[in-house]
Amino acid sequence: MLPTSSPLGSSPELADIQAKIVAGERLSYDDGLRLYRSHDLLTIGQLADLVNARRNGGQNVYFNQNHHVNPTNVCAFHCNFCSFARTSDESPGAYTWTPEQIVEHIRPDVHPRLTEFHIVSGLHPVLGFAYYEDVLRALKQAYPWVHLKAFTGVEIDFFAQLTGLDHETVLRRLMDAGLGSMPGGGAEIFHPDVRRKICPEKADADTWLAVHRTAHGLGLRTNATMLYGHIETYEHRVDHLLRLRELQDETAGFQTFIPLRYHPENNNLGRRLDWTTAHDTLKTIAISRLLLDNFSHIKAYWVMLTPPIAQLALHFGADDIDGTVVEEKIYHDAGATTEEQLDKFDLLRLIKAVGKTPVERDTLYNTVEIYDQPIEHYAPDSRKTRKGEVKIAHIELN
Ligand code: V47
């Protein structure tokens, strides 16, 4: 932990910000910008680690056993960064699963310890709201013990437009169908200068925030994200984070913030020359922890960050690594080369290797199990990989 009275070693330029953090004071927009402009990643990371230690104890790292479900990739909107969407059912690669097909498709992966379906979908122009309600009902009926974390603020707003209902009524209908909480997608970058270029048809910032405000009012917990590393500037990122902090001051309904590293393949936006790096990712995780002083959790989403960078992020303020995921389409369509799933043992290994304690959680951060024994205790005898079965070596040294 950073000593409270030590002067900053390599970064006198950040000394006043360090003093504020040590004193537990809130950082300003200018502080956020200065942190982003600084190259002193290690000081920024150490400060974020301090804040994580204060807020979460610093030792526990959360993960869950979840399963992603993307009911359709047909989408009425044309976001320039998106590689997942197809314009119509006739487009190459388009798919739409019926609720029954979804239940059948995921059946082989469902087990008693699965606690969450993470459901994000294309905005199908023809199917109507009832389809999305039916998807939730079918999943809830088939797997009643699994929490449904479903539909971003953008999807909720789309359903409101489809039906003429207000956001509250849409959310209440989805809750009746089994909705338990909402993921944080669709936030992208709030600033209108960026939003009108990357996703002009999407709910604007005020609408996205209004949906989450309404959800919080109904007792639903939600997450928040920021898509970074495309055309936005540091100013846009800090503005985004502070808008989230403002709503959280009002409602306290957000659980977790997830910075999403933009991936540039198979879409209209492509990549800029200086697109995001590991340095930028770790800095973004750390600055999120420092600016979002009213968020409980910062997630290093291993699918987007890669497992090695997600692991490092655990020393830069992140206390959650997401889950088993099982089937990821949105990011892999954009060229991600990470695995689509990690099993529980992979996650335990990543977390234990940095000296932290893995805590399996449910969606609402209730503890399912604490893994505080040495890693060997949890090792299976063999593991199934894509290439076949691998035996685990149990070798005694003496
Ligand atoms: O909103 C789309 C992003 C998001 C690309 O709440 C892309 O726990 C990078 O909501 N490169 C959806 N990102 C994913 C999402 C999410 C993911 C993990 C955890 C949680 C949570 C929520 O995916 C979209 C968009 O920002 N996305 N295309 C792309 N090319």
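Residues numbered from 1 in each chain as written. Predicted model: local features only at pLDDT ≥ 70, side-chain atom pairs only at ≥ 80, totals over all residues. Heavy atoms only, no water.

Colleague: Got a minute to help me understand the environment of glycine 229 in this structure?
Modeller: By secondary structure assignment, the location of glycine 229 is in the loop between strand E6 (221–228) and helix H10 (234–251). Judged by its relative accessible area of 1%, glycine 229 falls in the buried class. On a C-alpha basis, the gap between glycine 229 and aspartate 274 in space is 8.7 Å, while along the polypeptide they are 45 residues apart. When neighbours within four sequence positions are excluded, glycine 229 is seen to be in contact with Arg237, Tyr262, Trp275 and Thr276. (Helix = DSSP H or I, 4+ residues; strand = E, 2+ residues; numbered from the N terminus. Buried < 20%, exposed > 50% of the residue type's maximum accessible area, 1.4 Å probe, protein only. Contact = heavy atoms within 4.5 Å.)

Colleague: What am I meant to see in the pairing of strand E5 (residues 179–182) here?
Modeller: Successive residues of a regular strand alternate their side chains across the two faces of the sheet. Pairing geometry for strand E4 (residues 147–150) and E5, over 2 bridges, is parallel. Bridging from a neighbouring strand, leucine 148 pairs with leucine 179 of E5. As paired strands, E5 and E6 are joined by 2 bridges and run parallel to one another. When the bridges of E6 are listed, serine 181 appears paired with arginine 221. (Pairing = 2+ DSSP bridges.)

Colleague: How should the packing of helix H1 (residues 15–22) against helix H3 (residues 41–56) be read in this particular structure?
Modeller: A pair of packed helices is captured by two measures, namely the crossing angle of their axes and the spacing between those axes. Between H1 and H3, whose axes approach to 10 Å, the crossing angle comes to 5°. In terms of orientation, H1 and H3 fall into the roughly parallel class. For the pair H1 and H3, the contacting residues are Gln18, Ile21 and Val22 in the first and Leu47, Leu50, Val51 and Arg54 in the second. For the contact of H1 with H3, a count of residues per class yields 5 nonpolar, 1 polar and 1 charged. (Axes fitted to C-alpha atoms, helices over the stretch in contact; angles between N-to-C directions. Parallel < 35°, antiparallel > 145°, perpendicular 65-115°, else oblique. Nonpolar A, V, L, I, M, F, W, Y, C, P; charged D, E, K, R; others polar.)

Colleague: What exactly am I supposed to notice about the nonpolar core here?
Modeller: Within soluble globular proteins, side chains that are nonpolar generally end up buried alongside one another. Ranked by size, the top nonpolar core spans 117 residues in total, and within it Phe117, Leu139 and Leu244 carry the most contacts. Here this core takes 7 residues from helix H5 (residues 129–142), the largest share from any one element. In this structure, leucine 244 is in contact with Phe190, Trp208, Leu209, Ala224, Thr225, Phe254, Phe257, Leu292 and Phe295, ignoring residues within four places of it in sequence. (Core = buried A, V, L, I, M, F, W, Y, C linked by side-chain atoms within 4.5 Å.)

Colleague: Just to check I follow, could you spell out the site of the ligand for this structure?
Modeller: Not every one of the 22 residues close to the ligand is listed here, only the nearest: Lys149, Gly186, Glu188, His263 and Lys299. Histidine 263 has a polar backbone atom sitting 2.8 Å from a nitrogen atom of the ligand. Structurally, the ligand is housed in the largest cavity. Each residue belonging to the shell around the ligand can be placed in one class, and the counts come to 11 nonpolar, 7 polar and 4 charged. (Near = heavy atom within 4 Å. Polar contact = N/O pair within 3.5 Å; in protein donor to acceptor, adjacent residues only side chain to side chain. 1 Å grid on protein atoms, 1.4 Å probe; cavity = no way out; pocket = protein on both sides within 12 Å on 5 of 7 lines; lining within 4 Å. Sits in = over half its atoms within 2 Å of the grid points.)

Colleague: What is the right way to look at H5 in this model?
Modeller: Side chains three or four residues apart in an α-helix point the same way, a direct result of the helix having 3.6 residues per turn. The end-to-end C-alpha separation of H5 is 20 Å, in line with the 20 Å expected for 14 residues at 1.5 Å each. Taken residue by residue, H5 has Phe129, Tyr131, Tyr132, Glu133, Val135, Leu136, Ala138 and Leu139 as its buried positions. Along its buried surface, H5 packs onto helix H4 (99–106), strand E3 (116–119), E4, helix H6 (153–163), helix H7 (167–177) and E5. (Expected span 1.5 Å × (residues − 1).)

Colleague: Even after reading the chapter, I still don't get the sheet that holds strand E1 (residues 60–64), so can you show me in this structure?
Modeller: Note on sheets: strands pair through backbone hydrogen bonds, and any given pair is parallel or antiparallel. Pairing within the open sheet is mixed, and its 4 strands lie in the order E9-E1-E10-E11. Strands with a single pairing partner mark the edges of an open sheet, and in this sheet they are strand E9 (320–323) and strand E11 (367–370). Averaged over all neighbouring strand pairs, the angle between strand axes comes to 25°, with direction disregarded. With 4 bridges joining them, E1 and strand E10 (residues 357–361) adopt parallel strand pairing. Directly across from tyrosine 62, in E10, lies its bridge partner valine 359. Helix H14 (residues 344–352) rests against E1, E9 and E10 of the sheet, and its axis sits at about 165° to E1.

Colleague: For this particular structure, what's the right way to read unusual backbone geometry?
Modeller: It is generally the case that most residues other than glycine have a negative phi and that most peptide bonds are trans. One non-glycine residue, valine 325, lies in the positive phi region at around 65°. Looking at the element boundaries, valine 325 is found in the loop between E9 and H14. Of note in the backbone geometry, valine 326 takes a positive phi value of approximately 70° without being a glycine. As for its position among the elements, valine 326 is in the loop between E9 and H14.

Colleague: I keep staring at the sheet that holds E6 and nothing clicks. Help me out?
Modeller: Strands sit in the order E2-E3-E4-E5-E6-E7-E8 across an open sheet of 7 strands; the sheet is parallel. Edge positions in the sheet fall to strand E2 (66–69) and strand E8 (297–298), since each has one partner strand and no second. Pairing between E3 and E4: 4 bridges, direction parallel. Pairing of histidine 118 across the sheet is with lysine 149, part of E4. Relative to E4, H5 is tilted by about 160°, and along the sheet it contacts E3, E4 and E5.

Colleague: How should I be thinking about the pattern of salt bridges in this particular structure?
Modeller: As a working rule, side chains carrying opposite charge can pair if their charged atoms are close by. On inspection of all chains with the given rule, the structure shows 22 salt bridges. When the shortest N-O distance is used, the salt bridge between glutamate 104 and arginine 107 registers 3.1 Å. For glutamate 360, the salt bridge identified is with arginine 113, shortest N-O distance 2.9 Å. Remark: arginine 113 occurs in the loop between H4 and E3 and glutamate 360 occurs in strand E10; sequence separation between them is 247 residues. Taking relative accessible area as the criterion, glutamate 360 reaches 0% and is therefore assigned buried. On the basis of relative accessibility, which here comes to 33%, the residue arginine 113 falls in the partly exposed class. The network of salt bridges with common partners includes Arg26, Asp249 and Asp293. (Salt bridge = Lys/Arg side-chain N within 4 Å of Asp/Glu carboxyl O.)

Colleague: Help me understand empty space enclosed by the protein, please; the structure alone is not making it clear to me.
Modeller: In this approach a probe as big as a water molecule rolls over the atoms, and the regions it shows empty are the leftover space. In total, this model carries 2 cavities of 30 Å³ or more according to the counting rule given. Of the voids in this model, the largest cavity is the one considered here, and its volume is about 760 Å³. As for the largest cavity, its lining consists of 42 residues, of which Val120, Gly185, Gly186, Glu188 and Ile330 are closest to the centre. Secondary-structure elements contributing two or more residues to the lining of the largest cavity are H6, E6 and strand E7 (254–261). Among the residues making up the lining of the largest cavity, the classes are represented as 20 nonpolar, 14 polar and 8 charged. The volume enclosed by the second largest cavity comes to roughly 40 Å³. (Points joined across faces, edges and corners; volume = space filled by probe spheres on them.)

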